[in-house]
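As a plain string of letters, each chain reads:
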Amino acid sequence: MTKGITQRAVGETIDEFLLIKQSIKGVTTTGNPFISLVLQDKSGDIEAKLWDTKEEQEKMFAAETIVRVGGEIHNYRGKNQLRIKSIRPAKPEENQSIADLMPSSEKSTEELSEEVMSYLFEMQNPQIQRITRHILKKYQHQFFTFPAATRNHHDYVSGLADHVVSMLQLGKALCGIYPTLNKDLLYAGIILHDIGKVFELSGPIATTYTVEGNLIGHISIMVTEISKTAEELEIDGEEVMLLQHLVLSHHGKEEWGSPKRPMIKEAEILHYIDNIDAKMMMLDRALGKTKAGEFSERLFALDNRSFYKPTI
């Protein structure tokens, strides 16, 4: 089986089709234009640069373009990059599909949906369940197809739902250990905390931040959505405020983008669960392309650390 782009070792050469996930133009310190590319296939993505570019190339190598790339893998500051030697857009007759070059969840949308719904059915508080069910149903197509981020973790088709399902499993285990946790609040917080990303992000292909995402952000978007839903369903009570607090505080600290710090037990646990699942995803991905006995590439989101892959 052909190795994916993220499974290539330093020094290996490639000549294959890749999808441009991201294309950003820049200028060197000497004033020469270049393009920073993020190229992907089913295995994940890799960064590359095109030097001394012209306007024609900026249009030719835009995001969502499938390209035939020749080049060599090299290491730059502890991270693998692709040194491009040749690149051109794919030709129609080469029959390349974007879907074939996009990473996606190992679970089908039907499997993910069944798992999320099973937790919804466990909720006993009717107010919490009604609000959560209403919002989930309203955005179910996007929820089960969107990624959870543009980079770093769960940044693939159905990544958002994958992230939520893993968090629900963690939440259930913790509720078994700490029975004083309000299961309904925790499950609802997990399901709702990132649904605002269906507005914040552009979609599963060549994902970028929308104008609304940049100006408002998924946290504020979802707090408003909970309020609108409660009004529409004529629900009035502490449950509404608590659900809003769970969303507002799930990043944990103001410097991490959280408008409020957690101030109820379930919000504190939600923050930890979110952090654990995101970091485990990044570690599994990095160590999955690392040989036993060696260190991974540096992970910017984990304090730029490299992690050792044991031989045992």
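Residue indices follow the written sequence of each chain, beginning from 1 at its first position. Where local features are concerned, this predicted model is filtered to residues with pLDDT of at least 70; where side-chain atom pairs are given and counted, the filter is 80 or more; whole-chain, interface and lining totals use all residues. For side-chain calculations, the full set of non-hydrogen atoms in the structure is used, while hydrogens and water are omitted.

- The protein goes by 3'-5' exoribonuclease YhaM in an unreviewed UniProt entry, where it is assigned to Planococcus shixiaomingii.

**A word on the overall build of the protein**
Argument step 1. Counting its secondary structure elements, the protein contains eleven helices and five strands.
Argument step 2. A globule of 312 residues ought to have a C-alpha radius of gyration of about 20 Å, and the protein, at 21 Å, matches this closely.
Argument step 3. Seen through its C-alpha atoms, the protein measures out along the principal axes to roughly 60 × 45 × 40 Å.
Argument step 4. Taking all 312 residues of the protein together, 46% fall into the buried category.
Argument step 5. If you sum the accessible surface of the protein, you get close to 16100 Å²; carbon and sulfur atoms cover 52% of it.
Argument step 6. In this count, Lys and Arg are taken as positive residues and Asp and Glu as negative ones, while His and the chain termini are left out. The atoms used to mark charge sites are NZ of Lys, CZ of Arg, CG of Asp and CD of Glu. Computed over 36 positive and 44 negative side-chain charges, the separation of the two mean positions in the protein equals 6 Å. The secondary structure listing takes helices from DSSP runs of H or I that are at least 4 residues long and strands from runs of E that are at least 2 residues long, numbered from the N terminus. Radius of gyration here is computed from C-alpha atoms only, and the compact-globule reference equals 2.2 Å multiplied by the residue count raised to the power 0.38. Think of it in three bands: with a 1.4 Å probe and only protein chains considered, a residue is buried below 20% of the maximum accessible area for its type, exposed above 50%, and partly exposed in between. Using a 1.4 Å probe, accessible areas were evaluated by the Shrake-Rupley method; residue-level cover was limited to the displayed protein chains.

**Examining the layout of surface pockets**
Argument step 1. Approximately 740 Å³ is the volume attributed to the largest pocket.
Argument step 2. A cavity here means a set of 1 Å grid points, computed over protein atoms only, where a 1.4 Å probe fits but cannot escape. A pocket is an open set with protein on both sides within 12 Å along at least 5 of 7 lines, and lining residues have an atom within 4 Å of a point. Lining the largest pocket are 24 residues, with H153, H251, W256, N275 and A278 sitting closest to its centre.
Argument step 3. Put simply, the parts of the chain that give the lining of the largest pocket at least two residues each are helix 7 (197-200) and helix 11 (265-288).
Argument step 4. Sorting elements by how many residues they give to the lining of the largest pocket places helix 11 first, with six residues.
Argument step 5. Here the term charged refers only to Asp, Glu, Lys and Arg, the term nonpolar to Ala, Val, Leu, Ile, Met, Phe, Trp, Tyr, Cys and Pro, and the term polar to all other amino acids, Gly among them. In terms of residue class, the lining of the largest pocket is made up of nine nonpolar, nine polar and six charged. Grid points are joined across faces, edges and corners, and a volume is the space filled by probe spheres set on the points.

**Some points on the environment of E47**
Argument step 1. Secondary-structure assignment places E47 in strand 3 (residues 44-51).
Argument step 2. Assessed through its relative accessible area of 24%, E47 is described here as partly exposed.
Argument step 3. Residues E47 and S36, eleven residues apart in the sequence, show an inter-C-alpha distance of 7.3 Å.
Argument step 4. Discounting chain neighbours no more than four positions away, the residues touching E47 are L37, V38, K79, Q81, L82 and R151. Two residues form a contact once any of their heavy atoms are found within 4.5 Å.

**Description of the sheet that holds strand 5 (residues 79-89)**
The strands making up a sheet associate through backbone hydrogen bonding, with each pair oriented either parallel or antiparallel.
Argument step 1. One bridge is not enough; two strands pair if DSSP finds at least two bridges between them. Strand order in the closed barrel formed by five strands is 1-2-3-5-4, and the pairing between neighbours is mixed. Neighbouring strand axes in the sheet, compared pairwise and without regard to direction, differ in orientation by 50° on average.
Argument step 2. As paired elements, strand 1 (residues 13-27) and strand 4 (residues 66-76) share seven bridges and run antiparallel to each other. When the sheet's bridge partners are listed, D15 is paired in strand 4 with G70. Axes, fitted as lines to C-alpha atoms, cover a helix only where it is in contact. Angles between the N-to-C directions of the axes lie from 0 to 180 degrees.

**A look at the UniProt feature "domain: HD" (unreviewed entry) in the protein**
Argument step 1. In the UniProt entry, the feature "domain: HD" (unreviewed entry) is given for residues 163-279.
Argument step 2. Annotated as residues 163-279, this span is 65% helix and 0% strand, and its ends, taken at the C-alpha atoms, are 11 Å apart. UniProt positions are given in the numbering used here, feature names are shortened, and annotations may be inferred rather than shown by experiment.

**Looking at the nonpolar core**
Argument step 1. Buried Ala, Val, Leu, Ile, Met, Phe, Trp, Tyr and Cys residues that are joined via side-chain atoms within 4.5 Å together make up what is termed a nonpolar core. F143, I191, I195, I226 and L243 are the most contacted members of the largest nonpolar core, which totals 48 residues.
Argument step 2. Of all elements in the fold, only helix 2 (109-122), helix 3 (126-138), helix 5 (159-177), helix 6 (183-192), helix 9 (218-232), helix 10 (238-249) and helix 11 reach the threshold of two or more residues within this core.
Argument step 3. Not counting residues within four places of it along the chain, the set of residues in contact with F143 comprises V116, L136, L160, A161, V164, I191, I195 and V198.
Argument step 4. Membership of the second largest hydrophobic core comes to 17 residues, among which are I35, L37, L39 and L82.

**Re the pattern of salt bridges**
Should the charged atoms of two oppositely charged side chains come close, the side chains can pair.
Argument step 1. In the sections that follow, a salt bridge refers to a side-chain nitrogen of Lys or Arg positioned within 4 Å of a carboxyl oxygen of Asp or Glu. Summed over the entire model, instances satisfying the criterion amount to 24 salt bridges.
Argument step 2. With a shortest N-O distance of 3.4 Å, K183 and E122 are connected by a salt bridge. Of this pair, K183 sits in helix 6 while E122 sits in helix 2; the two residues are 61 residues apart in sequence, bridging distant segments of the chain.
Argument step 3. Among the residues examined, E122 registers a relative accessible area of 24% and is labelled partly exposed.
Argument step 4. A network of salt bridges, in which partner residues are shared, links K21, D45, E47, K79, R151, D155 and R285.

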